[in-house]
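Understanding the architecture of this molecule
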There are 4 protein chains.
Amino acid sequence: MIDQSAIAKANDAAEAGLRRDYDALGEHLHRRGIDIGAIKHKVAGYGVAVPSWGVGTGGTRFARFPGPGEPRNIFDKLDDCAVIHDLTGATPSVSLHIPWDKADPADLKGKAEETGLSFDAMNSNTFQDQADQPLSYKFGSLSNADAATRQQAVEHNIECIEIGRAIGSKALTVWIGDGSNFPGQTNFTRQFERYLDAMKDVYKALPEDWRIFSEHKMYEPAFYSTVVQDWGTNYMIAKELGPKAFCLVDLGHHAPNVNIEMIVARLVQFGKLGGFHFNDSKYGDDDLDTGSIDPYRLFLVFNELVDAEMRAAEGFDPAHMLDQSHNVTDPIESLMVSAMEVQRAYASALLVDRAKLKGYQEENDALMATGTLKKAFRTDVEPILAMARLEKGAAIDPVSAFRASGYRAKVAGERPAVSGAGGGIV
Amino acid sequence: MIDQSAIAKANDAAEAGLRRDYDALGEHLHRRGIDIGAIKHKVAGYGVAVPSWGVGTGGTRFARFPGPGEPRNIFDKLDDCAVIHDLTGATPSVSLHIPWDKADPADLKGKAEETGLSFDAMNSNTFQDQADQPLSYKFGSLSNADAATRQQAVEHNIECIEIGRAIGSKALTVWIGDGSNFPGQTNFTRQFERYLDAMKDVYKALPEDWRIFSEHKMYEPAFYSTVVQDWGTNYMIAKELGPKAFCLVDLGHHAPNVNIEMIVARLVQFGKLGGFHFNDSKYGDDDLDTGSIDPYRLFLVFNELVDAEMRAAEGFDPAHMLDQSHNVTDPIESLMVSAMEVQRAYASALLVDRAKLKGYQEENDALMATGTLKKAFRTDVEPILAMARLEKGAAIDPVSAFRASGYRAKVAGERPAVSGAGGGIV
Amino acid sequence: MIDQSAIAKANDAAEAGLRRDYDALGEHLHRRGIDIGAIKHKVAGYGVAVPSWGVGTGGTRFARFPGPGEPRNIFDKLDDCAVIHDLTGATPSVSLHIPWDKADPADLKGKAEETGLSFDAMNSNTFQDQADQPLSYKFGSLSNADAATRQQAVEHNIECIEIGRAIGSKALTVWIGDGSNFPGQTNFTRQFERYLDAMKDVYKALPEDWRIFSEHKMYEPAFYSTVVQDWGTNYMIAKELGPKAFCLVDLGHHAPNVNIEMIVARLVQFGKLGGFHFNDSKYGDDDLDTGSIDPYRLFLVFNELVDAEMRAAEGFDPAHMLDQSHNVTDPIESLMVSAMEVQRAYASALLVDRAKLKGYQEENDALMATGTLKKAFRTDVEPILAMARLEKGAAIDPVSAFRASGYRAKVAGERPAVSGAGGGIV
Amino acid sequence: MIDQSAIAKANDAAEAGLRRDYDALGEHLHRRGIDIGAIKHKVAGYGVAVPSWGVGTGGTRFARFPGPGEPRNIFDKLDDCAVIHDLTGATPSVSLHIPWDKADPADLKGKAEETGLSFDAMNSNTFQDQADQPLSYKFGSLSNADAATRQQAVEHNIECIEIGRAIGSKALTVWIGDGSNFPGQTNFTRQFERYLDAMKDVYKALPEDWRIFSEHKMYEPAFYSTVVQDWGTNYMIAKELGPKAFCLVDLGHHAPNVNIEMIVARLVQFGKLGGFHFNDSKYGDDDLDTGSIDPYRLFLVFNELVDAEMRAAEGFDPAHMLDQSHNVTDPIESLMVSAMEVQRAYASALLVDRAKLKGYQEENDALMATGTLKKAFRTDVEPILAMARLEKGAAIDPVSAFRASGYRAKVAGERPAVSGAGGGIV
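Residues numbered from 1 in each chain as written. Chains lettered and ligands numbered in written order. Predicted model: local features only at pLDDT ≥ 70, side-chain atom pairs only at ≥ 80, totals over all residues. Heavy atoms only, no water.

1. Points about the interface of chain C and chain B
The partner chain B presents 40 residues to the 40 residues of chain C that form the contact. Taking both sides of the interface into account, the surface hidden between chain C and chain B amounts to around 3100 Å²; carbon and sulfur atoms contribute 49%. When residues of chain C are sorted by the area they lose upon contact with chain B, Asn 257, Leu 367 and Arg 378 of chain C head the list and together hold 22% of the total. Put simply, chain C and chain B have ten salt bridges between them. Arg 403 of chain C serves as the salt-bridge partner of Asp 365 of chain B, at 2.7 Å between the closest nitrogen and oxygen. Summed over the shared surface of chain C and chain B, the result is 16 residue pairs in polar contact (both at pLDDT 80 or more). Those elements that provide at least two residues to the side of chain C that touches chain B are helix 1 (4-31), helix 9 (295-310), helix 10 (331-350), helix 12 (366-378) and helix 14 (398-405) of chain C. (Contact = heavy atoms within 4.5 Å. Buried area = accessible area lost by both parts, 1.4 Å probe. Salt bridge = Lys/Arg side-chain N within 4 Å of Asp/Glu carboxyl O. Polar contact = N/O pair within 3.5 Å; in protein donor to acceptor, adjacent residues only side chain to side chain. Helix = DSSP H or I, 4+ residues; strand = E, 2+ residues; numbered from the N terminus.)

2. What to know about the relation of the copies chain C and chain B
Mapping chain C onto chain B leaves a residual RMSD of 0.0 Å; the transformation is a rotation of 180° accompanied by 0.0 Å of translation along its axis. Interpreted geometrically, this transformation is the action of a two-fold axis. Of the residues that chain C buries at the interface, 100% are likewise interface residues in chain B, meaning the two copies contact each other through the same surface. (Least-squares fit on C-alpha atoms with pLDDT ≥ 70 in both.)

3. With respect to the interface of chain A and chain B
Facing the 53 residues of chain A at the interface are 54 residues of chain B. Summed over both partners, the interface of chain A with chain B comes to about 4600 Å²; 63% of that surface belongs to carbon and sulfur atoms. For the pair chain A and chain B, the number of links is six salt bridges. Of the charged contacts, one joins Glu 220 of chain B and Arg 61 of chain A as a salt bridge, the two residues approaching to 3.2 Å between their closest N and O atoms. Across the contact surface, chain A and chain B share 13 residue pairs in polar contact (both at pLDDT 80 or more).

4. Some thoughts on the relation of the copies chain A and chain B
In summary, the two copies of the chain are related to each other by a rotation about an axis coupled with a shift along it. Overlaying chain A on chain B yields an RMSD of 0.0 Å, the required transformation being a rotation through 180° with an accompanying axial translation of 0.0 Å. Mapped onto chain B, 100% of the interface residues of chain A are again interface residues, and the two copies thus contact each other with one and the same surface.

5. Brief notes about the state of the cysteines
One pass over the full model with this rule turns up zero disulfides over all chains. With no disulfide partner, Cys 247 of chain B has as its closest neighbouring cysteine sulfur the one in Cys 247 of chain D, 17 Å distant. When its relative accessible area of 0% is taken as the criterion, Cys 247 of chain B is described as buried. Of all cysteine sulfurs in the structure, the one in Cys 81 of chain D sits closest to Cys 160 of chain D, which takes part in no disulfide; the separation is 18 Å. (Disulfide = S-S within 2.5 Å. Buried < 20%, exposed > 50% of the residue type's maximum accessible area, 1.4 Å probe, protein only.)

6. Describing the UniProt feature "domain: Xylose isomerase-like TIM barrel" (unreviewed entry) in chain A
The feature "domain: Xylose isomerase-like TIM barrel" (unreviewed entry), as given by UniProt, occupies residues 96-287 of chain A in the numbering adopted here. Structurally, residues 96-287 of chain A comprises 36% helix and 15% strand, and the distance from its first C-alpha atom to its last is 18 Å. (UniProt positions renumbered as here; feature names shortened; annotations may be inferred.)

7. Describing the sheet that holds strand 12 (residues 319-322) of chain B
All names here are of chain B. Ordered by their spatial adjacency, six strands build an open sheet running 5-6-8-10-11-12, and the pairing between neighbours is parallel. The open sheet is flanked by strand 5 (122-123) and strand 12, the only strands paired with a single partner. In this structure, strand 5 lies alongside strand 6 (residues 171-174), joined through two bridges in parallel fashion. Residue pairing for strand 6: Met 122 is matched across the bridge by Leu 172. This element, helix 6 (residues 188-204), spans strand 6, strand 8 (211-215) and strand 10 (245-250) of the sheet and lies at about 155° to strand 8. Docked against the sheet, helix 9 (residues 295-310) engages strand 11 (273-278) and strand 12, running at close to 155° with respect to strand 11. (Pairing = 2+ DSSP bridges. Axes fitted to C-alpha atoms, helices over the stretch in contact; angles between N-to-C directions.)

8. A few points about the packing of helix 10 of chain C against helix 13 (residues 382-391) of chain C
Residue and element names in this part refer to chain C. The N-to-C vectors of helix 10 and helix 13 enclose an angle of 120°; their axes lie 10 Å apart at closest approach. Regarding the angle of helix 10 to helix 13, the classification is oblique. Crossing geometry of helix 10 relative to helix 13 is assigned as right-handed. Counted together, Met 340, Gln 343, Arg 344 and Ala 347 of helix 10 and Glu 382, Leu 385 and Arg 389 of helix 13 form the full contact between these two elements. Along the lines of polarity and charge, the residues of the contact of helix 10 with helix 13 split into three nonpolar, one polar and three charged. (Parallel < 35°, antiparallel > 145°, perpendicular 65-115°, else oblique. Left-handed = near helix turned anticlockwise from the far one by under 90°. Nonpolar A, V, L, I, M, F, W, Y, C, P; charged D, E, K, R; others polar.)

9. Quick look at the sheet that holds strand 8 (residues 211-215) of chain C
Residue and element names in this part refer to chain C. Taken in spatial order, the six strands of this open sheet run 5-6-8-10-11-12, and their pairing is parallel. Edge strands, defined here as strands with exactly one partner in the open sheet, are strand 5 (122-123) and strand 12 (319-322). When strand 6 (residues 171-174) meets strand 8, the two strands line up parallel, connected through four bridges. What sits directly across from Leu 172, in strand 8, is Ile 212. Across the sheet, helix 7 (residues 231-241) lies against strand 8 and strand 10 (245-250), angled at about 160° from strand 10, the strand it touches most.

10. Brief notes about the side chain of Thr 126 of chain A
Residue and element names in this part refer to chain A. Tracing the backbone through its elements, the reader meets Thr 126 in the loop between strand 5 (122-123) and helix 5 (147-167). Here the side chain of Thr 126 touches Ser 141 through a polar contact of 2.8 Å, side chain to side chain. Contacts of Thr 126, omitting those with residues within four sequence positions, involve Tyr 137, Ser 141, Ala 153, His 156, Asn 157 and Ile 176.

11. Focus on the environment of Ala 13 of chain B
Looking at the element boundaries, Ala 13 of chain B is found in helix 1 (residues 4-31). Residues Ala 13 of chain B and Trp 100 of chain B, 87 residues apart in the sequence, show an inter-C-alpha distance of 41 Å.

This is the structure in C-alpha cells:
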C-alpha cells in the first residue's frame, strides 16, 4: 500500500540519529545487565491485532464527524490495515466484525493474501438491529426474555464461527449490550440463566481448535444493569462453558478506580485470561488511544503479562487486539501510534529486573520494589522499537512516513465523502 | 389530544380509593401539624418543562431502537407534549431545540395555542454538523481555534434567541460539547478565553428580559477535557458574563459521588442558579428517568429548593426542565412518570418540618435532623399528587389512561415507521 | 436495661395515632391485595445482628471524638446492645470482635443470658498489632510473605472459632487489610496463593455446623491493591475453600457506581451468599448509618433477598449484621434507627407484587416493572414496623423512649470519660 | 546529618556511568534543539517543601505500624528533613503543623539555621481536639454552629500566623474537616456563611506580605458533605476573602476521574492558584507517594505550571509542598523519592516543545499535539536530575546513600521505640 522506497528514504534521514540513541541505550542497558538485542528481538516478534472497524472515524451518541477517505467496506478497511502494518510492522492481523464486514470468504482470503494480513478473532454483533433482521434486540439478544430472539442471536454467533473457519480465524469474541435501564426491568437471575443457556449453544458449535472469549463491561448501552458486568460474572461464564471459554479484558470496561492489572493477574492465575481489547479512558468506556491517558497503567498490565510469560504460567496465551474509537484523529495514525504504545509497554515490562523485584517483594521493601518497576518504565525504549521497525523494513517514524506517503489524499479521491451524521440522540 | 371523557371514566373507577387514601393522609398530616390542602395547592401550581426531543426514542452510540409512532417534526412533538400535559397537568411548557425544531414561528405559536402549551428555554445545537453548515464543529464550536467557526456558532445562538423572541421564550440554554480527547490537544486557557469571548457576543444579543443558562458537563462527547466541565467553571462563566447569566445544573453531568444538592445550595447562595435538567443516572450521563435510580437524591435537591423558596433567597427563580433519553420505554409514558416524580420530590420537600430541622441543626442533633428529612421523604404523597390531577381534570393514573386512550396506536398509524439505526460507532 | 413501664407510658401516648395509621394502611393494602397482618408477622420475626464495636463512638484517621458513657469492655457493650434490642425488638444477637471482646466464655454466656441476647458471627482481627503480639501485620497477615506471620494469623482465627464454639456462635467472619500501597510491592499471584493456603488451614479447623465468611473490600487500609478486593476474588475463595465457605457483602466495600444488588443476585444464584454488613456510604467505605444516603439502594438489595426467599433459592440463608461507624451521633440511637431501616427495607420489599413484576419483565414492560418496585418502596410501612414493636413490648418510637429513659446519662456517670484522640495520622 | 565523605564515596562509584548517560542524553536533546545544561540549571534551582509530619510513619483509621527511630518532636523532625535535603538537594524548606510542632520560635529558628532549612507555609489544626482545648471540634471548627467554637478556631489560626511570623514563614494553609455525615445534619448555606465570616477574621490578621491558602477536599473526615468540598467553593472563598487569599490544590482531594490539570489551569487563569500538596492516589485521599500511581498525571500538572511560567502568567507563584502518609516505607526514603519525582515532572515538562505544541493545537492536530507531550514525558531525565544533585554535593542515588549512612539505625538507638497503635476505629 505504501511505496517501500518512500519509507526507505524517510528512514535514511533518521537512521543516523537512531543508531546513536540505540547504541547509547544499549551501553546503558548493558551496565544494568540487560542485552538490548534480546529485547529488540522480542519486541520485533510482538504483534497486536487491529479491529476492522477501527479504521473508520468513530463517534459518540451526539455526533460523528467523518474524515476524508472513510473506508466503504471491508476491502477498503483491509487496505488501511495493511498500511498500518507496512509502516509499523506491528499489526499482522485484523479482527472482523459481522455483519459489518460480511463478504465472500474467498474474497476475504484473497485480499488477506494480497495485503499480507491474517484474521484474528471474529466479532459478532447482537447489539444493533440489521435491516433484514426478523426480531429486534431492543430488549436484549442472548439473554432476551423471548426464546426466538435468543435463538436468532445464537445463530448469528454460529454464522460468525462459520465465516471465521472459512478465513482461518481461531476465536470468537462475544460482547453483548444486554442489561436493563431500570431497577426491576429484568430479573437478574433469570436473565443470566438465559444468557448461559444461549452461550452453551454457541459453545457447542465451536470447532475443537477454537476459543470463545466473553467480554465484560460495566455499563453502556445498558445504564442500570448489564448481564456481563464485570470480571466476576465473566469468570463464572468461562467456568460454566468449559475449557475453550476465556475472559476478554477491555481496559475501558471497568468501574472507576478499579485495579485492572490485578484482575489480569487473577484471570491468569485461574487459567481464564483470553485476551485484551486495548484502549485508554479517563471517564467511562472512552475508547481513547491506548496509553494516551495513563501509560503507567498500561505498563502495569504488561508487567503482569511478562511475569506470566517468564514463569510460563499454565494455559497463558492471551490474544491482543486494539479496540478504539477515533473521533478527532486520522484512524490510521491513531492505530499506528497505539500499536507502538502496546509494543512500548511490552518492551518496558521486559526491562524489569524480575529477580531483584522478587527479592524486594519477599523482604517487604516496598520502596525498592516499586522503584524497580519505575526504573524500567522510565527508560526510553523508543530506540528499541524504532530499530526493530527499521530492521523489518517498516518506518522509523510511521506517522511522518504516512503523512509523506499521500495515502490519505489518494483514498479520499477514490472513496466518496461521507457527511456528518448525528449520533443516537436525534 | 386525549378524549376528556375517557379520562373521566378512568378517574371514576379510581376516585373512591383515592379519596380514602387522601383523607387518611390528611388526618395523619394534621396530627403532624401539616395542612394537606396547602400542600396540594402548591403541588397543583407546580410545572416542569418537557424537552421537545424527549418525545422521540433516544439511543446510545451503539444503537437506537425506535418505537411505533415516532414524531416526525416539531408539530408531532407538540402533539405528544400536549398528551403529557393533558394527562398529568404538570408540564405546561416545552423547550425547543434548534435546528431540530425549526419552523415558521407563527406556526409554532399557532400550534402552542391549539395545544395549550407555552415555550420554555430555547436550546442551541453546536455539537453536531448540519447538512448545510459551512464550517464543522468537529474541533469545537464557541471555543474553536478558528474565529470563523466561533462566529458561526455565535450566530446560531443569536438565531435561537430570535426564534425564541418570536414565540415567547425568555431564556437561552447553551450546552456545547467542546473539549478535547487527548492531553495537549488544546490549551485549556486559550480555549476557555475563546469560549468566554464568544459567549460575550451571544450575551450582547440577549433581550433585556431574557436569561442565558450555561450548562456544565464533566465529559462526553469530549473524553479527556471539556471546556465547561463543572460548576466551578460554570460559575466563572456566569460571573464573567453578567447579571442575566446563570448556571444550569443537569443532574447527570457530575463526577462520581459528587454531592449535587450542595452545588445547588452554593449556586443559590451566590445568586447564580439558573435552572435544572432533571434526569437520573447510575454511571455517567445516563439520561435515565428522573428519580428512577436514586429518588432520595432528587428529594435532597428539592429540599434545597424548598429551603430557598421558604426563605425567599435573593434572585432565586430556577427553571425546571426534564432532559432524558428514553431508550426502552414509550417516551410519553416516561415523561409523564418523570414529571410526577419531580412533583413528588417537591411535595415531599414541602412536608419537611423546617423549624424543627433548624433547631436540630443548631444543636448538632444529626440523628434527629436527618430523621426529619427521612420522615418527610417516606410519607407517601401519591394521594396529594393524584388529587391535584383529579381536580384539574387530568388523570388519577396517567399511564393507565394513556394506554387506554389508544393514542400510541393512532399516531403509529399516521406516522411512518422508522427503522433501527446504528449509533455513532458504525 | 430500660424500664418497661417507661416504654409502656411512652407507647400509650402514641398508640392511638399509630392505630389509625395502621388501620388506614391496612385498608389501602387490602385494596392492593396485600394482608397487612402477614407482612407485620414477617417483619416481627426479622432480626439483624449488632456489632459489639458499634456501640462505641467511631473515628477517622484524623480524629475520634468520643461521647459520654463510652463502653469500657464487652460487658458494657452488651448492656448497650440489650438496650437496642429492648427498644426495637429487632436486634436479638451480637457479633463479637476478638481480641477487643476477649473475656471468659462463661462470663460472656452469663451476660448473654442476663441480657437476653445471643452471639452471631465471630470476627477476627489481623489488621492491627496487639501489644503482646510477636509478629507484626504491617505487611500483611494471612497473605504475609513470612510463613510464621501467616501461621500466627491462622492461629488467631482458630482461637476465634474456639471462643465462638464456647459461646454458641456458628460462624467466623474473616476480613483482612492485606494488600499493598505501591505497584510492585507484592506479587498479586503469590500473595493470593499464600492467602488461600492460610485460609485452608483455618477452614480445616471449622466445626461441622459452622460457616466461614470471607469479606471483600476494594481498598483501605491498603491503597494500591487489596488481596480480597472484590466479589470476583471473594467468589474464587469460597469455591476454593469448600461448601462451608461463603462470601460476605459489606454495602460500602465496592467501587463507585457498582450495582451491588446485582452482585447479591449472582452470589445467591451460585450458592455463595454468606451474609451482609449493612451500612451506607457516599464516597468510600464511609460506614454511615444504613439507609441514610441511598435508601432505595437498600430496598433494591432486599428486593433480591425477598425474591430469593420467595422462590426458596437453594442454599439461601444469609446472615444479617449492621457494621457502621458512629462519629457524630449516639451509637445506640444510630444502631436503633439503622436496625429499623433494615426492617423497613425488608417490609417494603415484601410489598412488591411479584406476580405482576414477573409478567412485566417477561413482556419487557420496563416502565410498569420499575413502577411496581417504586409503588412498594413509596408505601410508608412505618405503621407496620411500629405496630410490630408495640406488640412485642418494644417502643413505638425507640429514639424518644431512649432519650426519655436517661440511660446515656446513667452510664456516663458510671463509665469514665474518654478524651479525644487523634486518628492514625499523628 | 549525613557524612559528606560517605556521599562523596558513593557518588564516586556511580559518577562515570552517570556522565556517560548525561552526555548521551545531551547529544540526543541537542538534536531536538534542547540545551541540557539549561534544563539542568532550572532543575537544580527547583525545590519542594517537606511537611514536618511526613517524617513520621502515617496510619489509617484501622491501624498505624510505626517504624524504628520515629521522631519525638519537631527537632527530631527537622533532623530528618535535613537528611532529605542533604541527600537530594531538593527540599530546602519545611512546613510546620501547629500544635504538633509547637516550640519556642527562637529554638525553631536556631535549629533551622543549624540544619540549613527554612520554613514554608504554616498549617493550623482544627480537625482534632487537643488535651487542653475548651471547646470540641466534633461538629466543626470555623463553621461550627456555636460562635465561641468558631472564635476558638479563629484564634488558633491567628496564633499560627504569629508563630509563623516569628520564624520567617510567609503563608498560612487552612484545611478543615468541617462538614456533615448525614443529609440534613447541617444547612449548607448557613454553614458556609459561618465559615466565610470566620475566615474573614483570620484574613484580617494576615501580615501584608503573607498569603492565606484554603484547601479543598471532597470528603473525609466528613462523609456526606464537606464545607470546602471542591475547587469551585475554594475559588469562591479566595474571591470573597481578597487579594492575599489563594486556593491550594492537593492532588488527592478530588472526585474520581476529575481532570486535575484543568483545575490548575483555571486557577492560574483567574489568578487564584496558591500552591500544591503533592501526593498520589488511586481510590480516595490515599496520600501515596507522589507519582507512584499515575506519573503521567503529575507530568500533565507540571505541563500547566511550566506553560504558566513560560508565558509569565500574571500573579503566578504557587507554593510547592509534599503531603503524603508513609505507612509501609521509611518516611525519609519516600520523601526523597517523591521530591525527585516532582523534580522529574518539572524537568520533563521543560522538555516540551511549546512552539510546536501551540502550532499543533491551532491546527487541531490532536495526534501530534499529544505526541509532543508524550515525547517529552518518555525521555528519561534521570541523568539531568542526578547530575544536578552531584554538582551540588547531594547524592547521585539518595536512597542507596541513605541506607549506607546508617542514619536510621543511629536514630533508632536514640529515639525510643513506639508501639503499634490502633487507628480511629477502636
